[in-house]
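In case you want the letters, here they are:
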Amino acid sequence: LVNEWNNKAHEITGYPKEEVLGKNLVQVYITKEFRASVKQVLDDAFKGLETANFEFALFTKDNKRVEVLLNATTRRDVPGAIIGMIGVGQDITEKRRLMEQEALLFQAQAANDAKSQFLATMSHEMRTPLNVIMGMNDLITETLLSAEQRTFAEQVKTSAESLLILINDILDLTKVEAGKLELVTVDFDIRQVMEDAIESVASKALGKGLEICSYIAPEIRTDVIGDPDRLRQILLNLLSNGIKFTKEGQVYLLIEEEEETASHHAFRFKVHDSGIGITADGQKKLFSRFSQVDSSTTRTYGGTGLGLAISKQFAELMDGTMGVQSEVGTGSNFWFTGVFKKILRPTNVFPVPMLLIPKVREGSPLTVLLKAENETLRLLLTRYLEALGIDAESVNSLPKAVHALESNPGKFDMLFFCPSMKAFDGAVSAPSSSVSDYGAKNDPTIRSSSIDLHHAMTVLKSRAHLWPKLETIIMCPIKCLSHASGYRDLHRCSILSRPVRLSALHDAVVTCAMRIRNATPGLEALVPKSKEDVQNMQEFEKQMQEFENPKGRSWRILIAISDMKERIVLRAMISREQLHGEQHQCVLAGTGEETIQQLMLEDAGWNHDCLIFDTNFKDYSQQDIVRFIRDREAECQFGKYKKKPLVLIAAIDPEMDPHDSLAAGM
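This structure is a prediction, so every number in the text was calculated from the model and none was measured. (Residues numbered from 1 in each chain as written. Predicted model: local features only at pLDDT ≥ 70, side-chain atom pairs only at ≥ 80, totals over all residues. Heavy atoms only, no water.)

## Thoughts on unusual backbone geometry
For step 1, the next point in the chain: Cis geometry marks the peptide bond from R498 to P499, where omega comes out at 10°.
For step 2, the next point in the chain: Not every positive phi belongs to a glycine, and D319 is a case in point at roughly 60°.
For step 3, the next point in the chain: Inspection of the secondary structure assignment puts D319 in the loop between helix 11 (307-317) and strand 9 (322-327). (Helix = DSSP H or I, 4+ residues; strand = E, 2+ residues; numbered from the N terminus.)

## Quick word on the nonpolar core
Across soluble globular proteins, you tend to see nonpolar side chains buried next to one another.
For step 1, the next point in the chain: Counting residues in hydrophobic clusters, the biggest one holds 72 residues, and the most contacted among them are L231 and F416.
For step 2, the next point in the chain: Per-element tally for this core: the top contributor is helix 7 (residues 190-207), with 8 residues.
For step 3, the next point in the chain: If we skip the residues at most four places from it in the chain, F416 touches V368, L369, L370, K371, L385, I473, M475, L505 and V509.
For step 4, the next point in the chain: Listed in part, the 22 residues of the second largest apolar core include L369, A401, V459 and W467. (Core = buried A, V, L, I, M, F, W, Y, C linked by side-chain atoms within 4.5 Å. Buried < 20%, exposed > 50% of the residue type's maximum accessible area, 1.4 Å probe, protein only. Contact = heavy atoms within 4.5 Å.)

## Some thoughts on the pairing of strand 15 (residues 493-498)
For step 1, the next point in the chain: For strand 15, the buried fraction is high: 5 of the 6 residues fall into the buried class.
For step 2, the next point in the chain: Pairing between strand 14 (residues 471-477) and strand 15: 6 bridges, direction parallel. When the bridges of strand 15 are listed, I473 appears paired with S494. (Pairing = 2+ DSSP bridges.)

## Remarks on the side chain of R230
For step 1, the next point in the chain: Inspection of the secondary structure puts R230 in helix 8 (residues 228-244).
For step 2, the next point in the chain: Exposure remark for R230: the relative accessible area of 13% places this residue in the buried category.

## Some thoughts on the pairing of strand 14
Looking along a regular strand, one sees the side chains alternate between the two faces of the sheet.
For step 1, the next point in the chain: For strand 14, the tally of buried residues reaches 7 of 7 residues, placing the bulk of the element in the interior.
For step 2, the next point in the chain: Neither face of strand 14 is exposed, since E471, I473, M475 and P477 on one face and T472, I474 and C476 on the opposite face are all buried.
For step 3, the next point in the chain: Looking at chain direction, strand 13 (residues 414-418) and strand 14 are connected through 4 bridges and run parallel. Residue pairing for strand 14: F416 is matched across the bridge by I473.

Keep in mind these values describe shape, not function.
Here it is, written out as structure tokens:
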């Protein structure tokens with residue numbers, strides 16, 4: 001029976017002292033499931049057997065369950081006889097709840113880790129045969145095939161690429177959910193990432209007859225610290241979506257500087273397309289996982305709905321966000337922002353300084369006539385040319401270009417001609433040589449572009465005597481370069497691929513301007529350089545030339561990959577490449593030990609020009625192999641630029657730190 005009841009007991013149970021005293025604690029206040037065990041603890045205490053940290057549950061006066069931690073001790077009189085027991089109870093309801101939550105959290109984390117590891121392993125196991133399929137299929141497409149066989153091979157390629165994208169998206173999503181996706185921090189150039197991304201999707205866009213281009217103001221500093229791979233992944237996703245949902249018109253990428261602080265750059269990236277557009281309700285679903293605007297979109301265009309969700313999370317990791325403006329039937333403008341650290345350096349030092357464009361006459365800059373049918377392309381190229389200090393005028397058709405040249409004799413130093421992706425209005429047929437290969441016969445965009453190019457060059461050649469000093473630069477779609485190659489030998493004619501890189505555009509303009517300047521006596525040199533700068537540049541170019549073409553021979557390449565099928569495919573792909581008519585020599589290794597043995601066959605350094613290897617060796621890590629090579633090179637005292645190129649083929653691994661590879665000497 002209860003004969004003492006303090007205020008804390010009242011607070012925990014809700015029962016006041018007067019209601020409890022003299023009552024049987026076990027029978028009245030303890031829940032039925034714990035009555036026997038609590039009675040046993042109390043009986044033991046009366047026998048002198050004390051119990052510590054006994055947990056049980058009771059219900060309060062308002063029928064609320066409370067978890068109690070009980071310590072029962074024997075109560076004795078002065079001589080030591082047992083006269084009762086003392087029970088000290090502690091409310092551990094909240095503590096128990098937190099412990100259960102923590103246990104559930106650990107279980108969920110363990111399950112998530114197991115899922116991530118499973119997907120990482122499975123993605124690698126799926127990539128291995130998929131890479132073989134894609135590699136073999138690429139080799140097949142380069143053989144003589146019938147039209148039907150080529151169609152089948154292209155369908156295999158498209159399906160394999162779609163499957164590879166799905167595998168990568170699922171793995172990225174898993175890493176984001178697990179909180180294991182961390183951005184790397186390396187020095188890189190945003191302009192280069194932009195141009196790389198545009199070039200990667202250019203063939204797909206041009207194959208649909210779309211114009212694709214990009215722009216970032218040349219005066220903006222684009223060298224930053226951040227994660228170029230994740231930035232490229234976002235851009236590729238947005239550009240690929242734009243191309244997928246656009247039947248005609250254009251897709252272009254615009255990058256603007258939003259804000260600059262003492263330590264950071266904030267940029268806004270915009271991908272615009274003239275595609276089908278998205279409804280207001282559809283825009284609300286865009287960034288949800290496995291979500292499409294509607295089911296018909298999935299059936300018509302394919303896709304899983306993962307790309308945009310992952311891209312938005314990548315943007316948020318870059319301290320940015322993502323959004324869209326769109327109108328049905330007009331097109332869409334996807335945008336995202338990102339914040340990058342500055343590369344701190346003196347304000348008067350630039351990473352890749354642009355050379356000044358040489359003057360071709362005293363007191364005035366170069367003048368260029370630009371012919372481009374697409375309005376966006378004309379605008380962006382005009383901005384680039386003006387940023388290089390060039391006076392540019394633009395027209396949208398060949399007749400207008402011819403009229404401008406004929407009505408202003410001697411005004412223009414250069415003509416930039418961008419063949420249209422549509423057939424020229426005149427009923428002119430290209431010569432058979434322009435459309436003789438398989439691709440031109442079966443791709444209407446190549447055929448029409450070639451006709452436009454041939455017609456334009458015919459017109460310009462027939463009037464060449466009117467402007468004998470005019471430099472012509474053909475900016476040919478990258479997919480149609482083979483049809484422009486026949487004009488490379490024409491006097492004062494240069495070929496540039498489109499979409500064009502700013503550095504390539506600059507170099508082409510400088511080359512043409514130098515030809516004009518050299519024909520104009522009395523002008524000063526292009527840019528003054530110190531004697532030391534010239535010597536350093538010459539030495540660097542000489543060593544790089546020796547590195548790129550070792551002794552004028554084909555390369556000896558060591559392929560160290562654990563999977564035999566991948567080794568065979570890679571050897572077949574490399575062997576078909578030739579240098580000076582000689583095939584590159586490939587040696588295969590399947591383990592780390594075999595790789596090391598191959599590297600030690602010769603005393604003077606190592607006997608290969610390049611090593612291609614993966615991370616799946618069980619006997620050696622990739623860092624061990626890289627350190628072995630770099631140490632061996634140091635012992636052999638190779639020249640300053642004589643480090644051998646090491647190409648690492650690595651599956652996406654949450655545990656892999658790219659800094660380890662760089663520190664090892666990759």
